[in-house]
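As a plain string of letters, each chain reads:
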Amino acid sequence: MPRKKSDNPKVIINWHDDDKPREKFMNKGRAACSDSELMAILIRSGTREMTAVDLAKALMTSVGNNINELAKLNVRDLTKIKGIGEAKALTILAALELGRRRRDIISDKKRKIIGSQPVYEAMRPYLMDKTHEEFWILLLNRGNYVMRTIQVSVGGISGTATDIKMIFKIALDHMASSLILVHNHPSGQLIPSFADKVLTEQVKEAGRLLDLPVQDHIIFTDDGYYSFKDAGEM
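Residues numbered from 1 in each chain as written. Predicted model: local features only at pLDDT ≥ 70, side-chain atom pairs only at ≥ 80, totals over all residues. Heavy atoms only, no water.

(A) Main features of the pairing of strand β3 (residues 178-184). With 7 of 7 residues buried, β3 lies mostly within the body of the structure. Because side chains alternate across β3, one face comprises the buried residues Ser-178, Ile-180, Val-182 and Asn-184, and the other comprises Leu-179, Leu-181 and His-183, equally buried. Pairing between strand β1 (residues 134-140) and β3: 6 bridges, direction antiparallel. Of the residues in β3, the one forming a bridge with Leu-139 is Leu-179. Here β3 pairs with strand β4 (residues 214-221) via 6 bridges, running parallel. Residue pairing across strands places Leu-181 opposite His-217, the latter belonging to β4. (Buried < 20%, exposed > 50% of the residue type's maximum accessible area, 1.4 Å probe, protein only. Helix = DSSP H or I, 4+ residues; strand = E, 2+ residues; numbered from the N terminus. Pairing = 2+ DSSP bridges.)

If you want it as C-alpha cells, here you go:
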C-alpha cells in the first residue's frame, strides 16, 4: 500500500521526488546523487529527530566528507554516531568493501613496470585505506611485466616483521627474474625509517648474490609514495 503523507515537513515522503534519494537515483541516475544521498539510501531510515538524509550528512561531515576516511572506520566507530546502529554500520561497511573489491579486480592484461608510478598504481587496490602495515612483493619476468603480486607479512600500526628468506623463496618458487618491494605507512609518513633502509640494503644484497635483482622499494601511503630507486638509494 502507498504510504500516507505526514504533516511533518521533515519526513522524506513529503518531499518532492527530486529531493528523495531513491527517486532521484531511479529518475536521474546514480551520478546525480551526492555522497550523502547515496549513503541515505544505504541507511534507509533516520531517527525521530533526523531523516535518513540528515543522518547521512552527519555521518559524512564526521569524516570531512571524505569517503576514504569513512572506509577506515569500523563498526565500533560508526555506532558512536547517534542514529547509526550495528545493522546500519554493517550495511555501510559491506557497501564500502564491495567497492574495494571492485577495485581489486585487475585486468587480465599484464602490467609492465616502467617506473615507480605504475608500481604505486598497481598497489592501490591492495594497500589503500589500510590502518596497519603490510609488506608485499611484485614479481617480474624478464620483460618487466608483473607475474604475481604477493603479500609477505602483516603487522601492526607502526611496523611489520619481514623475513628475507621468505621473500626470495617466494620469488624463486615463481621463477621471477626480478622483484620490487612494497610496504605501507598508515601514518602517511613518506620518509623511510632507519629499519626501512637497513632492510632495503639487506634484501638488495641478497638479491645480488642470488642473481635476482631487487629493482625498487616503494613506501606506500594513501596520498603518495617514496621510491628508493628514484631517491638514488637502490
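Continuing now.
(B) Spatial organisation of the nonpolar core. Counting 17 residues, the largest nonpolar core has Ile-137, Leu-139, Ile-167, Phe-168, Leu-179 and Leu-181 as its most contacted members. Those elements giving two or more residues to this core turn out to be β1, β2 (146-154), α8 (164-173), β3 and α9 (194-209). Per-element tally for this core: the top contributor is α8, with 4 residues. (Core = buried A, V, L, I, M, F, W, Y, C linked by side-chain atoms within 4.5 Å.)

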